Structure formats: C-alpha cells, structure tokens
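Residue-level structure breakdown
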Amino acid sequence: LFVVLVNIGNHFDLKASVFQAPRRGIYSFSFHVVKVYNRQTIQVNLMQNDYPVISAFAGDQDVTREAASNGVLLMVEREDRVYLKLERGTLMGGWKYSTFSGFLVFPV
Amino acid sequence: LFVVLVNIGNHFDLKASVFQAPRRGIYSFSFHVVKVYNRQTIQVNLMQNDYPVISAFAGDQDVTREAASNGVLLMVEREDRVYLKLERGTLMGGWKYSTFSGFLVFPV
Amino acid sequence: LFVVLVNIGNHFDLKASVFQAPRRGIYSFSFHVVKVYNRQTIQVNLMQNDYPVISAFAGDQDVTREAASNGVLLMVEREDRVYLKLERGTLMGGWKYSTFSGFLVFPV
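Residues numbered from 1 in each chain as written. Chains lettered and ligands numbered in written order. Predicted model: local features only at pLDDT ≥ 70, side-chain atom pairs only at ≥ 80, totals over all residues. Heavy atoms only, no water.

Turning next to the interface of chain A and chain C. When the parts come together, some accessible area is lost, and that loss is often what is quoted as the size of the interface. Every contact between the two is made by 15 residues of chain A and, on the other side, 19 residues of chain C. Our count for the chain A to chain C interface comes out at zero salt bridges. For the interface between chain A and chain C, the tally reads five residue pairs in polar contact (both at pLDDT 80 or more). Counting only elements with at least two residues in the side of chain A that touches chain C, the list comes to strand E1 (4-5) and strand E8 (99-107) of chain A. Considering every element that reaches the side of chain A that touches chain C, the biggest residue donor is E8 of chain A, with four residues. When the residues that make up the side of chain A that touches chain C are grouped by side-chain class, the tally is eight nonpolar, five polar and two charged. (Contact = heavy atoms within 4.5 Å. Salt bridge = Lys/Arg side-chain N within 4 Å of Asp/Glu carboxyl O. Polar contact = N/O pair within 3.5 Å; in protein donor to acceptor, adjacent residues only side chain to side chain. Helix = DSSP H or I, 4+ residues; strand = E, 2+ residues; numbered from the N terminus. Nonpolar A, V, L, I, M, F, W, Y, C, P; charged D, E, K, R; others polar.)

On inspection of all chains with the given rule, the structure shows 18 aromatic pairs over all chains. Each ring, one from Tyr27 of chain B and one from Phe29 of chain B, has its centre 6.1 Å from the other, and the planes form 20 degrees; the classification is stacked. The same class applies to Tyr27 of chain B as to Phe29 of chain B, namely buried. Between Phe57 of chain B and Tyr97 of chain C, the ring centres sit 4.9 Å apart and the planes meet at 70 degrees, which makes this aromatic pair edge-to-face. Residue Phe57 of chain B is found in strand E5 (residues 51-58), and its partner Tyr97 of chain C is found in the loop between strand E7 (81-88) and strand E8 (99-107); the two belong to separate chains. Like Phe57 of chain B, the residue Tyr97 of chain C is buried in the burial classification. Feature note: the residues Phe19, Tyr27, Phe29 and Phe100 of chain A constitute an aromatic cluster, connected by ring pairs. Above the ring of Phe57 of chain A, the side-chain terminus of Arg65 of chain B is found at 4.7 Å from the ring centroid. (Phe/Tyr/Trp six-rings, centres within 6.5 Å; stacked < 30°, edge-to-face > 60°. Buried < 20%, exposed > 50% of the residue type's maximum accessible area, 1.4 Å probe, protein only. Lys NZ or Arg CZ within 6 Å of the ring centre and 35° of its normal.)

This next bit is on the relation of the copies chain C and chain B. Superposition record for chain C on chain B: RMSD 0.0 Å, screw rotation 120 degrees, translation along axis 0.0 Å. Both copies of the chain, as the preceding transformation shows, are related through a three-fold rotation axis. An asymmetric contact is evident, with only 12% of the interface residues of chain C recurring at the interface of chain B. (Least-squares fit on C-alpha atoms with pLDDT ≥ 70 in both.)

This part takes up the pairing of E7 of chain C. Within a regular strand, side chains alternate between the sheet's two faces. All names here are of chain C. As paired strands, strand E2 (residues 19-20) and E7 are joined by two bridges and run antiparallel to one another. Within E7, the position partnered with Phe19 by the bridge is Val82. The pairing of strand E4 (residues 42-48) with E7 spans six bridges and is antiparallel. For Asn45, the partnering residue across the bridge sits in E7 and is Lys85. (Pairing = 2+ DSSP bridges.)

So, in structure tokens, the structure goes:
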C-alpha cells in the first residue's frame, strides 16, 4: 500500500532514485539538494515521466553549502516514474547531504 | 476524508489558494515561495483564519531566485481557512515556481 | 497510532523537542531552523539516538534571516529519540520562526 523512498546522509545516489509508482494515488514528494561552494547556480527539477513538475534553485556565490528545496503533492499513475534531474549547474561535491523523500498520502 | 491542495509549476494563484477545511484534524502544510531577483526581503506567513502561524523569509540581494520555505503540522477546525500571505516585500515575477501543499494527516 | 510534534511560531524550545517514538514505523520529519543575521554558518543535525541522520546549513553573511531546512523519511524503532542538534554556530536570536515537525506515515 505504501511506498517509501529514503535517501539518507552521504549516500544519495541519483541513479538509484527513480521512483516507480506501484499504484495510483496522491503522493507527497520533497527534496533538498545541497550544493557545495562553487560559482554556479543550480536548478533541480522534480520530474514525472520526463516532464518537469516543480523546480528549485540555489545560487548564492558566497556560502559553503546551500540547498535547493521544494515539495509537492502529486497525482501519480501506476508505473509513473518520479525522479530528480539537475537541470542546470553541476554538483561538484556530489549529492552529499541531499535528500529526496516520497510517500503515498492516499490511493485514488 | 482527505484534502489536497496542489499548486504546480507556473500557475500558482494566490487567490485560489485559500484552503477551507472540510473536517477537524491534524493537517500538514508546507510552502516554498520563490522570489525573483530584486532588492527586497520577502516575508511569507502561513495564515490560519487571519492569524499568522509560521513565517518564512528570503532576503538575499544577489541571487536570481531564492525560496522562502517552511512547513508545519496544524490542528485545524472545520471550516478554518488556511492560506499564504505575503507579509513583506513584493513578488515581481509573480508566484512562478512557488508551491503550497497541504493534506490531512489524520482526523481528530 | 499517530504522533505529532508541533512547534509553532516563536515558542520553539529545543529542550522540549525530543521526540520519543511510541511505536515502530516510518515517520516523516522536517525542520526549518531560522538564524538571525550574524556572521556565522550554522549546521543543524537531525539526530536519531545520538546519531546524525541528515544535516542542513545556513551560511549567508548578508541576510537578516535564513533557514537551514531539510526533511526525511525515517525508520524509527519504539522508544528511539529523534531531535535537532545545533552542530555548528550559534542561534543568537534563539529558535524564533523555527519549526520541527514529525508524524507517523505508517506503522511497520
């Protein structure tokens, strides 16, 4: 009935983070993608089947770490794929400290 | 039983975003309000019946986009209204990329 | 069955915010810790039984208020303690505007 995506701490791996819905329903997704100091702006998209649903940005040039965060409730069909995509910029330090979480709020 | 507010992508409309609770319970609300580059600090309040519950801020002068984010679990009475209010500053680019989400965690 | 941590507005008190799980399950936790203008970087850890699970940072020197935010789904055993720890920096203005929320998504 319920589905959980948990990516904790230093081992966030983008490739492993495609969520495929086992059933139709309303899901809650949220993410915090942390960039380490660099002179770029990042844009992170939450993707549903190759379509960008929401975006988040981190663009401060002067801080060591800054998160691009957002969250959404999403109507997801069975077998839809939901994942994060780094639309702009690079993550030089990798995905350290980043999280991506989703759970079924209720089936439809 | 459940209530969902979904505001996705570019079509966030503040006026349409007053949530009126159909039943008593604990709800989870979260928001990410994105300001586009300007020289102002914004303050966004989550309002419950004209009372500010939590606030979020975005004040960086030097970045293109920055989000004021917060979230809370809230005891909501039947017919309570919950909505976002821009308490300080202006959103020159409108509510693009902003999200406001809420769902019933459990009835009381 | 359900557990709620609500800390609203200006009265966030770190000491009172140790959550002790009444039952085993998957919980959703999220936090937004707001620092007031000062020349420090803060790091906030979400702790599970003295072990840091996720971190968040706020380091901008030039803004009045900035939040260190993150969230996670967590497998929690009965009687586990979950709380926030200010790992680095100080909160000169206290925990004003900060929130820490958690709820049981489903029992395991």
